[in-house]
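Structural overview
As a plain string of letters, each chain reads:
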Amino acid sequence: MTDAAALLERLLSTHAATLPAFAGNGSLFFLHDAEGSAQVWEVPAGGGAPLARTSHRDAVAFVAGLPEGGAIFGRDAAGDERVQLYYLPAEGEARPLTTAPQVIHGWGAISPDGKRIAYTANARDPAHTDAWVMEIASGEARCVAEVEGPHELPAWHPNGKAVVLATAPRTFENNLYLVPLDGGARTELTPHDGDARHMNPRWRKDGSGFWLLTDRGRDYLGLALLKPGGAPEWLYAPEADVEKLEVSPDQRLLAVVVNEGGYSRLRFLDAATGALRGEPVHPRGVITKITWAADGRSLAFDLAGFPFPSGVHLARPDAAETQPVHATPAQPGLHSWETVAFPSHDGRQLPAFLALPEGKAPEGGWPVLVWVHGGPAMQALPNWRADLQAFLAMGLGVLVPNVRGSTGYGRAYAELDDREKRLDSVADLASAHAWLSARPDVNGSRIGIMGQSYGGWMVLAAVTEYPELWAAGVDFYGIARWKTFFERTGPWRVGHRAAEYGDPVQDAELLERLSPLNYADRIRCPMLIAQGLTDPRVPPYESEQMTELLRQRGVPVEYLTFPDEGHGFTKRDNRRRVYAAVIAFLHRHLQG
């Protein structure tokens, strides 16, 4: 316990740098958490030590560099996701661009001339996010399109007279439209049959077409060139998802990131043919953002791995290796994960990451924690997790599965848990338990389960569907009952979530069957539940009603709340508190 607590403190004090963004003058912005939450930092154009440019308790959500220097960034209040936009000049303090604390502002893109921004806002109706354009200098803003439901504005047309509107009515359906700023009719850019994703559009300078990522007619996302209204011309389509795409300033090269079993791989491609032009060596890990320098000679990206926090690195198309810009090296005494597979109830081999503590297993085998990702259309990645490293230090093994419904293994795999098949993914967790229990180095009677958000629902579903298996459960802001979730979640999320989980009216019977609260009398294991009180996605009532019911039944339950957190614990002091509580809880119930 002492070693785990000491390691946790050391790892929580290890700083991370994420989401880099070049400005046109050569300065490099990124988010850095040295002061306890992610804030904007800048490496000056001429080089030198990074400088902190913002200082708030609440985390900054994103930063985007401007062509003439300076940046746009966004942050919310205490995790409520009602992001406000700010302009950060090349020198001096930031000034707000939006001042409507009840409105969600979604980042879009910077105009080709650098004088305007496109963004979304649900000012008209909380359930609908319209398209807006603002003049940065004056702050003058206008709505250019009213839209039903949520959407994004990922790009401008190169002539600066229109923006691209991206809709996502369902998990695997994205369509792109061109919206003229003069009030003209929208043009559908990606007409197609059936569901398909069309993402990351990047226009040719002459406006004749755009590069994008799409899975139209495929199981995986690939790179294609598309002329408006036409069919994809495939340039690079491996049997793996191409997840990131950015075009060099001279449009001769494309930088892409490929998901290979959860690990990111950066590659440079010829923009005309898709031929490989460079594959620089970088540490194994996860890349979340890439950004070209204005001169096109280098590309910055962030990278995190199991044994090291996210840092910013630099790649050059003509260089064999990448170079760290602001990164913490791999930490001593930390574990890497082994990629494994285990058989499920229907014979499928399911991917996972496994790590066991150092040394010889104790008599009876190691206790193990199964950590379940959220989403559900997400993927557990080989990422930096201070808490999981601390669990290993205290003598717990950790299994991180990607059960059916996870992304990264093809669209067909991701659709295996849809709606009526939802509980098949919970059965996968029982299969993970069976596979672990069959190992001679694992104690099958001391296996716990932990997850957050939808992963929290998976925890609650696991301990109600298979109560005899689990020795302890940790639920971070999980859904307890779908009816109350839909009644209280942010109205802007209802339509998209209903398409994934089921309609709260038409599928009410199914959703009641999928609600762990209705089967809470089955729960046998002690539980720890943690909740941010400003969470607009999974409101506190979900955790409150489960906690109250468990207390009434006499099931041991600990309930932690965080008044200044939303859907996630973003502040270092709050992470310290919740992780320390989980360590103590798991020590009592898996090792005690």
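The structure we're discussing is the one just above.
All of the points below concern the structure found in this document. (Residues numbered from 1 in each chain as written. Predicted model: local features only at pLDDT ≥ 70, side-chain atom pairs only at ≥ 80, totals over all residues. Heavy atoms only, no water.)

Here we look at the packing of aromatic side chains
Where we set the bar: Classification of ring pairs rests on two measures: the distance between centres of Phe, Tyr or Trp rings, Trp counted by its six-membered ring, which must be within 6.5 Å, and the angle between planes, read as stacked under 30 degrees, edge-to-face over 60 and tilted in between. Criterion for a charge above a ring: Lys NZ or Arg CZ within 6 Å of the ring centre, and within 35 degrees of the ring normal.
As enumerated under the stated definition, the model contains 22 aromatic pairs in all. Through pairs of rings, three or more aromatic residues link up here, namely Tyr454, Trp457, Trp482, Phe485, Phe486 and Tyr501. Just above the ring of Phe562 sits the side chain of Arg577; from NZ or CZ to the centre is 4.4 Å.

Some remarks on the packing of helix α2 (residues 386-393) against helix α10 (residues 572-591)
Our working definition: To obtain an axis, a line is fitted to C-alpha atoms, over the contacting stretch when the element is a helix, and the angle between two such axes runs from 0 to 180 degrees between their N-to-C directions. Think of it this way: any DSSP run of H or I at least four residues long counts as a helix, any run of E at least two long counts as a strand, and we number them from the N terminus. Should an angle fall under 35 degrees it is taken as roughly parallel, and over 145 as roughly antiparallel, whereas 65 to 115 is taken as roughly perpendicular and any remaining angle as oblique. Crossings are assigned a handedness: left-handed for a near helix turned anticlockwise from the far helix by less than a right angle, right-handed for a clockwise turn. We call two residues in contact when some of their heavy atoms are within 4.5 Å. Here the term charged refers only to Asp, Glu, Lys and Arg, the term nonpolar to Ala, Val, Leu, Ile, Met, Phe, Trp, Tyr, Cys and Pro, and the term polar to all other amino acids, Gly among them.
Where α2 meets α10, the closest approach of the two axes is 10 Å, and the angle between their N-to-C directions is 30°. Compared by their axis directions, α2 and α10 come out roughly parallel. Judged by the sense of rotation from one axis to the other, the crossing of α2 with α10 is right-handed. Within the contact between the two elements, α2 uses Asp387, Ala390 and Phe391 and α10 uses Tyr579, Val582, Ile583 and Leu586. Of the residues in the contact of α2 with α10, the class split is 6 nonpolar, no polar and 1 charged.

Remarks on the environment of Ala412
Within the secondary structure layout, Ala412 lies in helix α3 (residues 411-414). Separated by 51 residues in sequence, Ala412 and Ala361 have C-alpha atoms that sit 38 Å apart.

Details of the sheet that holds strand β11 (residues 128-135)
Applied cut-off: Strand pairing is assigned whenever DSSP identifies at least 2 bridges connecting the two strands.
Taken together, the 4 strands give an open sheet; going across it, the order is β9-β10-β11-β12, and neighbouring strands pair in antiparallel fashion. Whereas interior strands pair on both sides, the edge strands pair on one side only; in this sheet they are β9 (105-110) and β12 (141-145). Sheet twist, expressed as the average angle between the axes of neighbouring strands with direction ignored, equals 35°.

Re the pairing of strand β19 (residues 222-226)
This is how the line gets drawn: Buried means the residue's accessible area, taken with a 1.4 Å probe over protein chains only, is under 20% of the maximum for its type, while exposed means over 50%, and partly exposed covers the values in between.
Burial analysis of β19 places 5 of its 5 residues in the buried class, which makes it a mostly covered element. With burial as the criterion, each face of β19 is covered, one bearing Gly222, Ala224 and Leu226 and the other bearing Leu223 and Leu225. With 5 bridges connecting them, strand β18 (residues 210-214) and β19 associate as antiparallel partners. Bridging from a neighbouring strand, Trp211 pairs with Leu225 of β19. Of the pairings in the sheet, the one linking β19 to strand β20 (residues 233-236) comprises 3 bridges and is antiparallel in character. Paired with Leu223 across the bridge in β20 is Tyr236. As consecutive antiparallel partners, β19 and β20 are separated by 6 residues, and within that stretch Gly229 has a phi angle of approximately 85°, a positive value.

Here we look at the pairing of strand β14 (residues 162-170)
Consecutive residues of a regular strand have side chains that alternate between opposite faces of the sheet. Pairing between strand β13 (residues 151-156) and β14: 4 bridges, direction antiparallel. Along β14, the bridge assignment pairs Trp156 with Val163. Linking two consecutive strands that pair antiparallel, namely β13 and β14, is a turn of 5 residues; a positive phi of about 75° is found at Gly160 within it. Two strands pair when backbone bridges link them, and β14 and strand β15 (residues 173-180) are joined in this way by 7 bridges, in the antiparallel orientation.

A look at unusual backbone geometry
Here Gly375 and Pro376 are connected by a cis peptide whose omega angle stands at 10°. With respect to the helices and strands, the residue Pro376 is situated in the loop between β31 (366-372) and α2.

Thoughts on the nonpolar core
Formally: What makes a nonpolar core is a set of buried Ala, Val, Leu, Ile, Met, Phe, Trp, Tyr and Cys residues whose side-chain atoms join them at distances within 4.5 Å.
Counting residues in each nonpolar core, the largest one holds 52 residues, and the members touching the most others are Leu399 and Trp482. Here this core gets 8 residues from one element, more than from any other, and that element is helix α5 (residues 454-465). Contact partners of Leu399, with chain neighbours within four places excluded, come to Val340, Ala352, Phe353, Leu354, Val368, Leu369, Val370, Trp371, Ala432, Trp435 and Leu436. Of all hydrophobic cores here, the second largest spans 44 residues; its members include Leu334, Phe391, Leu392 and Phe476.

Some thoughts on the sheet that holds strand β2 (residues 28-32)
Judged by pairing direction, the sheet is antiparallel, and its 4 strands sit side by side in the order β1-β2-β3-β4 without closing on themselves. Looking at the sheet topology across the chains shown, the edges are occupied by β1 (17-22) and β4 (51-52).

A closer look at the side chain of Arg411
The test is simple: Think of a polar contact as two N or O atoms within 3.5 Å of one another; within protein, one of them needs to be a possible hydrogen donor and the other a possible acceptor, and neighboring residues in sequence only count if both atoms come from side chains.
Tracing the backbone shows Arg411 in helix α3. Among the polar contacts listed, one links the side chain of Arg411 to the backbone oxygen of Asp195, at a separation of 2.9 Å. With residues up to four places along the chain from it excluded, the contact list for Arg411 reads Phe172, Asp195, Ala196, Asp215 and Asp219.

A few points about α5
Selection rule: Here, expected helix span is obtained from the residue count minus one, scaled by 1.5 Å.
End to end, α5 covers 16 Å across 12 residues, agreeing with the expected 16 Å (1.5 Å per residue, within 8%). Burial analysis of α5 places 11 of its 12 residues in the buried class, which makes it a mostly covered element. For α5, the set of buried residues is Tyr454, Gly455, Gly456, Trp457, Met458, Val459, Leu460, Ala461, Ala462, Val463 and Thr464.

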